[in-house]
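Now for the letters of each chain:
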Amino acid sequence: MALPLAGNDLARSTSGRGSWASSTRRSFAASGSFREAWQTPPDVFSRSGQQREHDDEEELRWDAIERLPAYDRLRKCMLQQVLDDGQVVHGEIDVRKLKMEDKKQLMDNILKVVEEDNEKFLRSLRDRTDRVGIEIPKIEVRFEQLSVEGDVFIGSRALPTLFNVTINTIERVLGFIRLAQSKKRKLQILKDISGIIKPSRMTLLLGPPGAGKTTLLLGLADKLNDDLRMTVRETLDFSGRCLGVGTRYEMLAELARREKGSGINPDPEIDAFMKATALAGQETSVVTDYILKVRVMKLCTGEMLVGPAKALFMDEISTGLDSSTTFQIVKYMRQMVHIMDVTMLISLLQPAPETYDLFDDIILLSEGQIVYQGPRDDVLEFFEYMGFKCPDRKGVADFLQEVTSKKDQEQYWYRKEQPYQFVSVPDFVEAFKSFRIGDQLINELREPYDKSKAHPAALVTEKYGIPNWELFKACFAREWLLMKRNSFVYVFKTTQITIMSLIAMTVFLRTQMPVGTVEDGGKFFGALFFSLINVMFNGMAELAMTVFRLPVFYKQRDFLFYPPWAFALPIWVLRIPLSFLESGIWIILTYYTIGFAPAAGRQWT
């Protein structure tokens, strides 16, 4: 919503900068947040005079915003809107009160042609921070001698049949008391691997199925461990609300302070975007509009991008997508990594050549070991050093996944003067250590990381992105939205129990019960049992809905969106009144008509 700012206030705030033209007038938009607009009549000045007055207006408005207290200054900005008649109006707005159409208008102004404007937009964001010397937090990920092994059953015992589960459970119990030996075998998934994932460089994780890619990503993300759906927009808004804004607000406050000291006026749209994304607790976020605008439509990917994460590990994000969509997503990721200094590792099974070329570094994983880790431009040189060459018409990604396979390796041997001999994965690993890229990696790992150079805001210090009360409000709002969306279920349940209570009152109808009459006790026991069964099973309809939601809960809990209590408490708060309502309907319609005692303290005589 626009906040009115009187013309005389503007004039007072610009002492020493000239006077305000008396012919300037105010106009108020009928709706939206651009209500406070200042327009110059086109018939008063020439085009150059209009431009000068436009510039003077903008200077006056920025000066007025800069004179506000820091708290208000970080929540107000200027935006322009082009009307249907071609006029450009300027207005001061409060970013906390941006409506849905305002956010859409903002993103349309910033990204007119997504494919062309997204990189320019990200560079504008980065240029604003660089201009005043603010360093963007970076994260470098190192892993050394990482090994993962699992206990598995071999052969038919691995199948999840009822018989196998029963035998495995009995065997586990007997093995615990040392009466039987387990049939499980050790499977080495990752074997003593080391590496570095650097910020500002796109890293592609390649490898054939079973190489250990998912295990490596889970290990780096520290996730290894011993449909009632909302719309995409609502899911992203909820994710962004739970993940919080990280250090965006603190960085914006420092940025505004330095710009004010340097006399720099930022781009209005960039300023509005940064201020709108720095406020925590918003029910809807402009980041959601941005993610949808750039067409990052893979929901799990979008859920993490709306947050403030600086290190992202993504597994098979191309599953179910065509090559064109995958290319667009990876292209956006590349722009974000290069410009915003994000650390990113992405696993793709068979990327198209144009998608493969977007990456800076390659990690080739095979049989749980790293065969190559380094720049994409040098990977073919390493395999030529080993005697294997990628054919001209062969995709490099496909070549890399086949060259370590015993079945496909021989076709890439190009040293015809020498007899071919199979090169195993351990042989590749040892050879890479003597290759210049591998030797350089080993030397980097030998030098301990200097933690004093780390940005204090690079890593989070709190487990969850927002306070407990904000977590509860976010989960409560989502639960209320889901209840409204599934209102038919609750209306049906209420109608059902009303009809069943009418049936019960007619079956067990009894208008009076004399004191001391016990011959009809069986009837009352039957009525009580029937009441208990109806009230209890009336809630069974929600059981399937709750079970169906559990995978989403487990995923968001593991991503630290919220603790379990924040998920469960809103359900109790909203469902318990409904349970009382259903029970009340049953009691009101059946209690007295069946003939139960009208007073709780009534005694038999």
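Residues numbered from 1 in each chain as written. Predicted model: local features only at pLDDT ≥ 70, side-chain atom pairs only at ≥ 80, totals over all residues. Heavy atoms only, no water.

**Observations regarding the overall build of the protein chain**
Of the regular secondary structure elements, the protein chain holds 23 helices and eleven strands. Burial status across the protein chain gives 43% buried among its 605 residues. Looking at the protein chain as shown, the accessible area adds up to about 32,700 Å², and 57% of this sits on carbon and sulfur atoms. (Helix = DSSP H or I, 4+ residues; strand = E, 2+ residues; numbered from the N terminus. Buried < 20%, exposed > 50% of the residue type's maximum accessible area, 1.4 Å probe, protein only. Areas by Shrake-Rupley, 256 points an atom, 1.4 Å probe, with all protein chains shown as cover.)

**Section: the pattern of salt bridges**
Under the definition given, this model contains 20 salt bridges. Between Arg126 and Asp130 there is a salt bridge, and its shortest N-O distance comes to 3.0 Å. Of the two residues, Arg126 and Asp130 are both situated in helix α5 (residues 114–131); the distance of four residues between them amounts to about one turn of the helix. Residue Glu470 pairs with Lys473 through a salt bridge whose shortest N-O separation is 3.4 Å. Pair noted here: Glu470 and Lys473 are both in helix α19 (residues 468–485), with a separation of three residues, about one helical turn. Residue classification places Lys473 among the partly exposed positions, given a relative accessible area of 32%. (Salt bridge = Lys/Arg side-chain N within 4 Å of Asp/Glu carboxyl O.)

**With respect to helix α4 (residues 100–110)**
Residues of α4 that are buried: Asp102, Lys103, Leu106, Met107, Asn109 and Ile110. End-on view of α4: buried residues confined to an arc of 160 degrees, all on one side of the axis. (Arc of directions from axis to C-beta.)

**Section: the side chain of Arg575**
Looking at where Arg575 falls in the secondary structure, it is placed in helix α23 (residues 564–594). When sequence neighbours within four positions are dropped, the list of residues in contact with Arg575 reads Glu479, Met483, Tyr490, Glu542 and Arg549. (Contact = heavy atoms within 4.5 Å.)

**Some words on the UniProt feature "transmembrane region" (unreviewed entry) in the protein chain**
Mapped onto the present numbering, the UniProt feature "transmembrane region" (unreviewed entry) falls at residues 488–509, 524–547, 559–578 and 584–601. Along residues 524–547 the backbone is 88% helical and 0% strand, and the end-to-end C-alpha distance reaches 36 Å. In this annotation, residues 559–578 is assigned 75% helix and 0% strand; the end-to-end C-alpha distance for the span is 31 Å. (UniProt positions renumbered as here; feature names shortened; annotations may be inferred.)

**Points about the pairing of strand β8 (residues 311–315)**
On β8, burial follows the alternation: Leu312 and Met314 on one face are buried, whereas Ala311, Phe313 and Asp315 on the facing-out side are not. Note: β8 against strand β9 (residues 343–347), five bridges, orientation parallel. If you follow Phe313 over to β9, its bridge partner there is Leu345. For the segment spanning β8, helix α13 (residues 323–340) and β9, crossover handedness is right-handed. (Pairing = 2+ DSSP bridges. Right-handed = clockwise from strand over helix to strand, strands pointing away.)

**Details of the nonpolar core**
With 82 residues, the main nonpolar core has Met333, Met344, Phe382, Phe383 and Phe388 as its most contacted residues. Of all the elements, α13 adds the most residues to this core, at eight residues. Excluding anything up to four places from it in sequence, Met333 contacts Met202, Thr301, Leu305, Met314, Met344 and Ile346. One finds Ile193, Leu217, Ile363 and Leu365 within the second-largest nonpolar core, a separate group that totals 17 residues. (Core = buried A, V, L, I, M, F, W, Y, C linked by side-chain atoms within 4.5 Å.)

**Regarding the side chain of Asp360**
Assignment of secondary structure puts Asp360 in the loop between α14 (353–356) and β10 (361–366). Despite its burial, Asp360 pairs with no opposite charge; the closest candidate is Arg334, at 4.7 Å N-O. A distance of 2.6 Å separates the side chain of Asp360 from the side chain of His338, its partner in a polar contact. Excluding anything up to four places from it in sequence, Asp360 contacts Ser200, Arg201, Met202, His338, Gly374, Pro375 and Arg376. (Lys, Arg positive; Asp, Glu negative; His and termini not counted. Polar contact = N/O pair within 3.5 Å; in protein donor to acceptor, adjacent residues only side chain to side chain.)

**Things to note about the packing of aromatic side chains**
Under the defined criterion, the tally for this structure stands at 25 aromatic pairs. When the ring of Phe553 is compared with that of Tyr562, the centres are 6.3 Å apart and the planes differ by 20 degrees; the resulting orientation is stacked. For the residue pair Phe553 and Tyr562, the accessibility class agrees, reading buried in each case. The positively charged end of Lys406 is found above the aromatic ring belonging to Phe422, 5.7 Å away from the centroid. (Phe/Tyr/Trp six-rings, centres within 6.5 Å; stacked < 30°, edge-to-face > 60°. Lys NZ or Arg CZ within 6 Å of the ring centre and 35° of its normal.)

**Here we look at helix α10 (residues 268–277)**
Judged by how many residues are buried, α10 sits mostly within the fold: ten of ten residues are covered. Inspection of α10 places Pro268, Glu269, Ile270, Asp271, Ala272, Phe273, Met274, Lys275, Ala276 and Thr277 among the buried residues, and these make up the whole buried set.

**Details of the sheet that holds strand β11 (residues 369–375)**
Read across the sheet, five strands follow the order β8-β9-β7-β10-β11 without closing on themselves; strand pairing throughout is mixed. A strand with exactly one partner marks an edge of an open sheet, and here the two such strands are β8 and β11. Between one strand axis and the next, the sheet turns by 15 degrees as a mean value, whatever way the strands run. Sheet topology note: the strand β7 (residues 202–206)/β10 ladder contains four bridges and is parallel. When the bridges of β10 are listed, Leu205 appears paired with Ile363. Packing against the sheet, helix α7 (residues 213–220) makes contact with β7, β8, β9 and β10, and its axis sits at approximately 155 degrees to β8. (Axes fitted to C-alpha atoms, helices over the stretch in contact; angles between N-to-C directions.)

**Some thoughts on the confidence of the model for the protein chain**
The pLDDT averaged across the protein chain works out to 77; a share of 81% of its residues lies at or above 70. Low pLDDT, under 50, characterises residues 1–47; the stretch is placed with 96 contacts to residues that sit more than four places away or in other chains. (pLDDT = per-residue confidence, 0-100.)

**Details of the pairing of β9**
Of all the five residues making up β9, five are buried; the element is thus mostly covered by neighbouring parts of the structure. Here β9 shows no split at all, with Thr343, Leu345 and Ser347 on one side and Met344 and Ile346 on the other all buried. Here β7 pairs with β9 via four bridges, running parallel. Looking at the pairing, Thr203 lines up with Leu345 of β9.

**Digging into the packing of α5 against α10**
Two numbers describe how α5 lies on α10: the axes approach to 11 Å, and their chain directions differ by 80 degrees. Overall, the two elements α5 and α10 adopt an arrangement that is roughly perpendicular. Packed against α5, whose contacting residues are Phe121, Ser124, Leu125 and Arg128, the element α10 presents Ile270, Asp271, Phe273 and Met274 at the interface. Across the contact of α5 with α10, the residue classes tally to five nonpolar, one polar and two charged. (Parallel < 35°, antiparallel > 145°, perpendicular 65-115°, else oblique. Nonpolar A, V, L, I, M, F, W, Y, C, P; charged D, E, K, R; others polar.)

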